Amino acid sequence: MFQFKQFSIEQDRCAMKIGTDGVLLGAWAPVNHNPFSILDIGAGTGVIALMLAQRSNAQQIDALEIDEDAYEQATDNFENSPWSDRLFCFHAGLDEFVEEPEDEYDVIVSNPPFYTEDYKTDNDQRDLARFADAMPFEDLIVAADLLLSENGIFAAIIPFKEEENFLAIAKQYELYPIKITRVKGTPTTEIKRSLLAFSRNEIVDVAINELIIETERHIYTPEYIELTKDFYLKM
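Keep in mind that what you see is a predicted model, and the values were worked out from it rather than measured. (Residues numbered from 1 in each chain as written. Predicted model: local features only at pLDDT ≥ 70, side-chain atom pairs only at ≥ 80, totals over all residues. Heavy atoms only, no water.)

## Overview of the overall build of the protein
The cut-off we apply is this: Each helix corresponds to a stretch of at least 4 residues labelled H or I by DSSP, and each strand to a stretch of at least 2 residues labelled E; elements are numbered beginning at the N terminus. The quantity called the radius of gyration is restricted to C-alpha atoms. Its globule counterpart is 2.2 Å times the number of residues to the power 0.38. Here a residue-residue contact requires only that any non-hydrogen atoms of the pair lie within 4.5 Å. The accessible surface values rely on the Shrake-Rupley method and a 1.4 Å probe; as for residues, cover is taken only from the protein chains in view. In this tally Asp and Glu are treated as negative and Lys and Arg as positive; neither His nor the chain ends contributes. By convention, charge coordinates are those of NZ in Lys, CZ in Arg, CG in Asp, or CD in Glu.
Scanning the protein for helices and strands turns up eight helices and 12 strands. Against the 2.2 N^0.38 benchmark of 18 Å for 235 residues, the protein shows a C-alpha radius of gyration of 17 Å, consistent with a compact globule. Overall, the C-alpha framework of the protein stretches about 45 × 40 × 40 Å when taken along its three principal axes. Expressed as a percentage of contacts within the protein between residues at least 6 apart in sequence, the contacts between residues at least 24 apart total 71%. For the protein, the accessible surface area stands at approximately 11800 Å², while carbon and sulfur atoms represent 47% of it. The distance from the centre of the 19 positive side-chain charges to the centre of the 44 negative ones in the protein is 9 Å.

Pasting the structure below:
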């Protein structure tokens, strides 16, 4: 059990446990345009959808999860949350989900599986959750283009080394960056992740900044505390 300030998460049946990436995206994804509907692609435990339920007044928050155990766990986590009437998890792959899109979404988020290295572990479930062949970036961007409302925002967290490639693919589908935050573990380590937000409208001044998580072990920066303090118990 992982306890946040306003909800808790059971994660014993999920290959991918709660990690910094998901919490960063859940806390960072733009919701100030007052979204009515939100979609989380690749829900895992459901943590990102739950964070967005806490942060917004969205009435329809859907999540998509292909792994059966993770889907069942996310559904339980949704039902046990204060926002169970607004949250729903679909047990489907992205390709099935986009075949007959019924809804458009004002926010689409994804913390996609992105280990592109050639090795696999002997845990198939964890591999499915972690390897890029479970959901190539292009498939994700195509889906975002199909499902995003006219003034919607698509947000994702990816490895920094993939940022240029991801931006280039998004541009092909006329999805343009509006906000980019590059994440470093400490002041001296290299940039590890990119938080990216896109809209259909190209803007001149893209907000680009850097976020450092800790100054030293367990000493968090004011910026990271500010971003996550509504969620973590000890912030």
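What follows continues from the structure just given.
## Focus: the pairing of strand E4 (residues 60-65)
Strand residues, when the strand is regular, have side chains that alternate between the two faces of the sheet. Operational definition: In this scheme, a residue with accessible area under 20% of its type's maximum is buried, one over 50% is exposed, and one in between is partly exposed, where area comes from a 1.4 Å probe on protein chains only. Strand pairing requires that DSSP identify at least two bridges connecting the strands. Crossovers are marked right-handed if the path from the first strand over the helix to the second runs clockwise, as seen with the strands pointing away from the viewer.
When you tally the buried positions in E4, you get six out of six residues, the bulk of the element. Side chains Gln60, Asp62 and Leu64 project from E4 onto one buried face, and the interleaved Ile61, Ala63 and Glu65 project onto a second face that is buried too. Two elements, strand E3 (residues 37-41) and E4, share five bridges in a ladder whose sense is parallel. Paired with Ile41 across the two strands is Leu64, which belongs to E4. With respect to chirality, the unit in which E3 leads through helix H2 (residues 47-55) into the neighbouring parallel E4 is right-handed. Pairing of E4 with strand E5 (residues 87-91), which is carried by five bridges, proceeds in the parallel orientation.

## Some remarks on the side chain of Thr228
Checked against the element boundaries, Thr228 lands in helix H8 (residues 222-228). Those residues in contact with Thr228 that sit more than four places away from it in its chain are Val23 and Met235.

## Some thoughts on the packing of helix H1 (residues 20-28) against H2
Which entries qualify depends on this criterion: Interaxial angles span 0 to 180 degrees and are taken between N-to-C directions of axes, which are lines fitted to C-alpha atoms, for helices over the stretch in contact. In this scheme, roughly parallel covers angles under 35 degrees and roughly antiparallel covers those over 145, while 65 to 115 is roughly perpendicular and the rest are oblique. By convention, the crossing between two helices is left-handed when the near helix turns anticlockwise from the far helix through less than a right angle, and right-handed when the turn is clockwise. All residues other than Ala, Val, Leu, Ile, Met, Phe, Trp, Tyr, Cys, Pro, Asp, Glu, Lys and Arg, Gly among them, are scored as polar; the first ten of these are nonpolar and the last four charged.
Two numbers describe how H1 lies on H2: the axes approach to 8 Å, and their chain directions differ by 25°. With respect to H2, the element H1 is oriented roughly parallel. Judged by the twist between their axes, the crossing of H1 over H2 is right-handed. Counted together, Gly22, Val23, Leu25, Gly26, Ala27 and Trp28 of H1 and Ile48, Met51, Leu52 and Arg55 of H2 form the full contact between these two elements. The residue makeup of the contact of H1 with H2, split by class, is seven nonpolar, two polar and one charged.

## Here we look at the side chain of Ser81
Within the element layout of this structure, Ser81 appears in the loop between helix H3 (68-79) and E5. A relative accessible area of 9% means that Ser81 is categorised as buried. For Ser81, the residues in contact, after removing those within four places along its chain, are Leu50 and Leu87.

## What about the packing of aromatic side chains?
For clarity, the cut-off: Between the rings of Phe, Tyr and Trp (Trp by its six-membered ring), a pair exists once the centres lie within 6.5 Å; its type follows the angle of the planes, with under 30 degrees stacked, over 60 edge-to-face, and the other angles tilted. Here, a charge over a ring is recorded when the distance from Lys NZ or Arg CZ to the ring centre is within 6 Å and its angle to the ring normal is within 35 degrees.
The tally for this structure, following the rule as stated, stands at 12 aromatic pairs. Through a chain of ring-to-ring contacts, three or more aromatic side chains come together here, namely Phe2, Phe4, Phe7, Trp83, Tyr220, Tyr224 and Tyr232. Above the plane of the ring of Trp28 lies Lys179, whose end atom (NZ or CZ) is 4.5 Å from the centre.

## Some points on the pattern of salt bridges
Under the convention used in this document: Counted as salt bridges are all cases of a side-chain nitrogen of Lys or Arg within 4 Å of a carboxyl oxygen of Asp or Glu.
Overall, the coordinates contain seven salt bridges when judged by the stated rule. The shortest N-O distance in the salt bridge between Asp145 and Arg200 comes to 2.8 Å. Within this pair, whereas Asp145 is found in helix H6 (residues 137-147), its partner Arg200 is found in the loop between strand E9 (191-199) and strand E10 (207-212), the two being separated by 55 residues in sequence. Residue Arg200 is classed as partly exposed on the basis of its relative accessible area of 25%. For the salt bridge of Lys184 with Glu210, the shortest nitrogen-to-oxygen distance reads 4.0 Å. Residue Lys184 is located in strand E8 (residues 176-184), and its partner Glu210 is located in strand E10; the two are separated by 26 residues in the primary sequence.

## Description of the pairing of E9
Most of E9 is tucked away, with seven of its nine residues classed as buried. Sheet topology note: the E8/E9 ladder contains eight bridges and is antiparallel. Each residue of the ladder has a partner; that of Lys184, found in E9, is Ile191. Between the antiparallel neighbours E8 and E9 lie six residues.

## A short note on unusual backbone geometry
A positive phi angle, close to 55°, is found at Asn34, a residue other than glycine. Relative to the helices and strands, Asn34 is located in the loop between H1 and E3. The backbone of His218 shows a phi angle near 65°, a positive value even though the residue is not glycine. Tracing the sequence through the fold places His218 in the loop between strand E11 (214-216) and strand E12 (219-220).

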